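# Chains, contacts and geometry: an overview
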Amino acid sequence: MYRNWSDFVKPLSLNTIRDMYLDFFKSKDHLILPSASVVPKNDPSILLINAGMTPFKKYFTGAEPPPSKRVATCQKCIRTPDIERVGKTSRHGTYFEMLGNFSFGDYFKKEAITWGWELITEIFNMPYDKLSVSVYEEDDEAYDIWKDIVGLPPEKIFRLGKEDNFWEHGVGPCGPCSEIFYDRGIEHGCGDPNCAPGCDCDRFVEFWNLVFTQFNKEEDGSYTPLEHKNIDTGAGLERFAAIMQGVDNLFEVDTIRAILDSVCKMAGIRYGEDEEKDVAIRVITDHMRAVVVMLSDGVLPGNEGRGYVLRRLIRRAVRFGKTLGLETGFMTELAPVVIAQSADFYPELNSRRDRIYLLLEKEETKFAETLTQGLSLLDNLIAEGKKKGATELSGESVFMLHDTYGFPLDLSVDIAEEQGFTVDLAGFEAQMERQKEQARQALKEKVDSAWDDRMLPESFETLPKTTFTGYDELETEGTVLSILKLSEHHLEDVETLREGERGLIVLDRTPFYAEAGGQIGDIGKLEGEASTLLVTDTTKTDGGIYLHAVTVAAGDIWVGQVVNAIVDRKTRLATMRNHTTTHLLHKALIDILGDHVEQAGSEVTPDKLRFDFTHFQALTHQERLAIEAKVNAEIMADDLVNTEVMDLKEAEASGAIALFEETYGDKVRVVSVGDYSKELCGGTHLERSSQAGYFRILSEGSIASGVRRIEAVTGEAAIAEATEDKVILHMLSTFLKTEAEALPDRLKKLTDDMKQLRQQLMQAASKQLRESADRIVADAKKVGDIWVVAAMVDVEGMPQLREAGDRVRDQLHNSVVVLASKVGDKLLWNAFASKEAVAKGVHAGNIVKMAAEATGGKGGGRPEFAQAGAKASADAIAAMMKVKDLIYAQLEE
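Residues numbered from 1 in each chain as written. Predicted model: local features only at pLDDT ≥ 70, side-chain atom pairs only at ≥ 80, totals over all residues. Heavy atoms only, no water.

Our next topic: the sheet that holds strand 35 (residues 865-871). The mixed open sheet is built from 6 strands, whose spatial order is 30-31-32-33-35-34. Where the open sheet ends on each side, the last strands, each with one partner, are strand 30 (781-783) and strand 34 (858-861). Neighbour to neighbour, the strand axes of the sheet diverge by 15° on average, direction disregarded. Strand direction decides the pairing type here: strand 33 (residues 826-833) and strand 35, joined by 7 bridges, are antiparallel. When the bridges of strand 35 are listed, A831 appears paired with A866. (Pairing = 2+ DSSP bridges. Helix = DSSP H or I, 4+ residues; strand = E, 2+ residues; numbered from the N terminus. Axes fitted to C-alpha atoms, helices over the stretch in contact; angles between N-to-C directions.)

Structure follows, in structure tokens:
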């Protein structure tokens, strides 16, 4: 047991502990932020959020100002490095919640330490005698705060080395840390009389780490003090709850135990009676928590990145469920239990429950088929290996399972280990690398298509954010603040850009929309006193500096020059048609297909719109028509398109749709189309829905598991599509000599007539084939007791030639049958020999080979049957005479 006072105090639930932690820091003037999505925003260094501070990197580095200098959160986290150990021990898990309080240049060690101690001893009433702390061995400041202000005796403060009590990750902000430990009791120790915090045994549990970010690690390994020092603390909520509830491990914590008990009930077993089954129960319990959270945060099962992590967790749970006898669909059945444990704090679990159920059901069903087939094949490989005395599965065979049958490598490894086998991972990777090589050859880096902030000069750090005026106007006067010249695929900071040169222009003000939110950047021109520049694209940096990609058409442009920035009206208007209609399409999909539909990506250009959304089957023709009709009805309604800036919470409360992976500030822009659609959006839009004109879907299809894509057009492009349809209808009507309205009936009649004619032709051909076979049989010659046939026939192709041979052979049981037919520019040969004929020395393969060679072709086959192709221009009659001579010779030998 973790604590010795649980008999006197009712254990607090995990959800209550979370609330009490956040309430405490709210009383210390901290801004309480909701958990970020487990999908990182603008952080390619990680696949999934794995710590409470990860969403705040931009604040710690100074890249962005924080919403408050004091923040506290409970962050959803996913960690999978130890996934193979999950279930095998009761200590490992893939999903956890991280409590944390943060200071961005505000309070420091004294407050972090004293508040932490106040919370655990006065609010949570943890027993003093069970607590101890560690500090970095050189951090006298932290040591003195614990000793002199908190009042801990020296024997409760342990100085540990850099490996234990100094947080750093490469170059950048870093610093010492102080950890708080709970003593589980001597019975959990290693037996060493010197056992203390820092020991690897299970006695002293670290449950809260206070990181004092006070240095910057330089490239040379030295440390320089930070001007603004930060606090980053992290406490595992499940570990906190295990201590407070007096249980032995995270699987005994109330909310997690509720899931575990449900697994046991579904499987009809008791936890703690069979260790092998307990492993499966723990795997399913843990993985269900991670899977539900990842699905609710927009992750989709896939074969790469975070999608593969999700798919791996689902498949691992399904496999262990199979060992417990659980049927396909048990994860979907278990999901409501998981959601119920945390939905009060994470409301997205409830609002997205339909999506969670549908994706789980689809992935479970899909993998059940793969699992059954893959397990059978893997069992065969292991059985063959055991017969040969082998203990390793080849990388090639495991790759075959992975590549051909979709069987995951990690499952192959797990199952092989259970059977005492290893897997040749180097061999597997070699096969994988060979497969990827072709794809690599097709990749081409497009230097001109995107501008990476890392390519920009340091002078950009001093530039002010660009003022965007493009919501209200398409023409603005602006001053050139900076010019970057494109030279040999790199950017050069210059004062002047001359005629014919290309580069990037920064203005203080611009009406040009910069690519964002799926909408491409504006094009147009910049006009100076004696210069004209064509703007071919507009992007912006993370710091809000707009970059106009230009080609100087005439004259020169220089820093400080005042120019007239003019957006191309036609392309902007076409883009706005497509963007506003994208919002209408999103709402129509929800209305017609269901609430599980969520945006999974989009692209808005002047030519068309592309909308990716979560759905699990192809749209029917009726659904496509209904979606088109709904969107066009909203266009014809001539609704006002309204935009307003409001607080994020106010926007969410109003029902505005927010996107999964977007991170929003306190103030957001809400775009409404009448009373029909309301979304958070920073793009440019029409003034009224009727300006979209007309909407047409071009295509709909799958782009990933559970994700569909619609491509569509509006306005002039949609009218052009309708016009093209009219042209095609007119052509068909003219060709078929009927009105357009009668085309379906006319085409049906033609199709029925064609089927009837085809049937009649087949019957006539069959009759002709029978008659030909009868004539051939009548002309057969007998050599001994073997009938010999060698004849030319008239057929449509090789299948009919074989059928003719079968008919003759069926009538002449002991026989040799050789038939030939000229079909187009080919001469086809077939030869059949009965068992009796083969026994007498006849070889159909040799006969056909000789016939083919005599007529300019190649072929051969088995003694009883062979076929070949040759040239129709050859002398088939002469060749047939040679065939007869060869048959007679073979029979007379």
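There's more to say after this.
This part takes up the sheet that holds strand 24 (residues 609-614). Ordered by their spatial adjacency, 4 strands build an open sheet running 23-24-29-28, and the pairing between neighbours is antiparallel. Looking at strand neighbours, the two that pair on one side only are strand 23 (599-604) and strand 28 (695-704), the edges of this open sheet. If you compare each strand with its neighbour and ignore which way they point, the axes differ by 15° on average. Relative to strand 29 (residues 707-714), strand 24 runs antiparallel, the two sharing 6 bridges. When the sheet's bridge partners are listed, T614 is paired in strand 29 with V707. Those strands touched by helix 19 (residues 715-736) are strand 28 and strand 29, and its axis lies near 90° from that of strand 29. (Contact = heavy atoms within 4.5 Å.)

Running from N to C, helix 9 (residues 305-323) and helix 14 (residues 409-418) point in directions that differ by 35°, and their axes come no closer than 10 Å. Where helix 9 abuts helix 14, its residues Y308, R312, R315, R316 and R319 lie against D410, L411, D414, I415 and E418. Taken together, the residues of the contact of helix 9 with helix 14 sort by class into 3 nonpolar, no polar and 7 charged. (Nonpolar A, V, L, I, M, F, W, Y, C, P; charged D, E, K, R; others polar.)

With that settled, consider the state of the cysteines. Within the structure shown, the criterion is met by 0 disulfides. Free of any disulfide, C174 has its nearest cysteine sulfur in C177, 11 Å distant. (Disulfide = S-S within 2.5 Å.)

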